[in-house]
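# A look at the structure
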Amino acid sequence: MQSSIQVGVNGPAVWVRVEGKGNFLNSGSLKEFAQEMVNRGYREFVFDLERCAMMDSTFMGTMAAVALRLKELGQGHLHVVHCGERSFDLLSGLGLDQIFDIHSNGATAPKCNKMNEGAHDGDEKRERTETMLQAHEALCEAAPENISRFKDVLDYLKQDLHQTTAGK
């Protein structure tokens, strides 16, 4: 299944449309894009999951990190629209329904462009590991009950990151 993330801006809102899989492979690009949009002053993010086949914990953690950043700034929201039952179960199972506004329907996304996937260089593994670690830390910050769920993942990612950095 071909996966892509498409992004666009409609007035004050940033739209992110997930087609196919939202996973660790496209989370780094999403993180960079969201950080840039927040830096530009955008505070409303809409994630359209109508064509989303699945999401992994890294992708959901990246979404959580955006919502937590908006909360830290004291303004803005992350909205999820066209959220099917499976996606809702995934998000609520991690307690993210407490920090996202989730709707089964919603407005249609504006014209969106495919997000650049970023350059692939020698630091790709380290950057992907950092993104995965930050995403899982955000999941634990969003819902403390996730700490026990992701403790082993966090330990593994920290160890992997330390070995990757030490090996340079």
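Residues numbered from 1 in each chain as written. Predicted model: local features only at pLDDT ≥ 70, side-chain atom pairs only at ≥ 80, totals over all residues. Heavy atoms only, no water.

### Looking at helix H5 (residues 146-166)
Short version of the rule: Working definition: helices are DSSP H or I runs of at least four residues, strands are E runs of at least two. Numbering for both runs from the N terminus. Helices are assigned an expected span. That span is 1.5 Å times one less than the residue count. Here the bend at a residue means the angle between the axes of two seven-residue stretches, the one that ends at it and the one that starts at it. Using a 1.4 Å probe on the protein chains alone, a residue whose accessible area is under 20% of its type maximum counts as buried, one over 50% counts as exposed, and one in between counts as partly exposed.
An ideal rise of 1.5 Å per residue puts 30 Å on 21 residues; H5 measures up with 29 Å between its terminal C-alpha atoms. Along H5, the sharpest change in direction is near 40° and occurs at Asp152. Where H5 is concerned, the buried positions are Asn146, Phe150, Leu154, Leu157, Asp160 and Leu161.

### Looking at the packing of helix H2 (residues 57-73) against helix H4 (residues 124-142)
Inclusion rule: For helices, the axis comes from a line fit to the C-alpha atoms of the stretch in contact; other axes are also lines fit to C-alpha atoms, and the angle between any two N-to-C directions lies between 0 and 180 degrees. By definition, turning the near helix anticlockwise from the far helix through less than a right angle yields a left-handed crossing, and turning it clockwise yields a right-handed one. Any two residues having at least one pair of non-hydrogen atoms within 4.5 Å are treated as being in contact. Residues are sorted three ways: Asp, Glu, Lys and Arg are charged, Ala, Val, Leu, Ile, Met, Phe, Trp, Tyr, Cys and Pro are nonpolar, and all the rest, Gly among them, are polar.
At a minimum axis separation of 7 Å, H2 and H4 run at an interaxial angle of 65°. Both H2 and H4 take part in a crossing whose hand is left-handed. Residues Ser57, Thr58, Met60, Gly61, Thr62, Ala64, Ala65 and Leu68 of H2 form the contact with H4, whose participating residues are Thr131, Met132, Ala135, His136, Ala138, Leu139, Glu141 and Ala142. Residue composition of the contact of H2 with H4, grouped by class: nine nonpolar, six polar and one charged.

### Quick look at the environment of His162
In this fold, His162 is placed in helix H5. Sequence separation of His162 and Arg126 is 36 residues, and the distance between their C-alpha atoms is 9.4 Å.

### Quick notes on unusual backbone geometry
The residue His82 is not glycine, and still its phi comes out positive at about 55°. Among the structural elements, His82 can be located in the loop between strand S4 (77-81) and helix H3 (85-93).

### What about helix H1 (residues 24-39)?
Cut-off, in case you're wondering: Pairing of N or O atoms within 3.5 Å defines a polar contact, subject to two protein rules: one partner must be a possible hydrogen donor and the other a possible acceptor, and residues neighboring in sequence count only if both atoms are side-chain atoms.
Taking 1.5 Å of rise per residue, 16 residues should cover 22 Å, and H1 covers 23 Å from first to last C-alpha, within 8% of that figure. Residues of H1 that are buried sit in contact with strand S1 (4-10), strand S2 (13-22), strand S3 (44-55), H2 and H4. Capping the start of H1 is the job of one residue whose side-chain oxygen sits 3.0 Å from the backbone nitrogen of Leu25: Asn23.

### Observations concerning the pairing of S4
The two faces of a sheet get side chains in turn, since along a regular strand they alternate between them. Defined as follows: Paired strands, in this sense, are two strands between which DSSP finds at least two bridges. Throughout, right-handed denotes a crossover for which the path from the first strand over the helix to the second runs clockwise when the strands point away from the viewer.
Sheet analysis places S3 next to S4, joined by five bridges and oriented parallel. Looking across to S4, one finds that Phe47 is bridged to Val80. Each parallel crossover has a hand, and the one from S3 via H2 to S4 is right-handed. Handedness of the S4-H3-strand S5 (residues 101-102) crossover: right-handed.

### What about the state of the cysteines?
Each disulfide is one covalent bond, formed between the sulfur atoms of two cysteines. We count it as follows: Throughout, disulfides are identified as pairs of cysteine sulfur atoms within 2.5 Å of each other.
Tallied over the entire structure, the rule returns zero disulfides. Of all cysteine sulfurs in the structure, the one in Cys83 sits closest to Cys52, which takes part in no disulfide; the separation is 8.7 Å. The class for Cys83 is buried, based on a relative accessible area of 6%.

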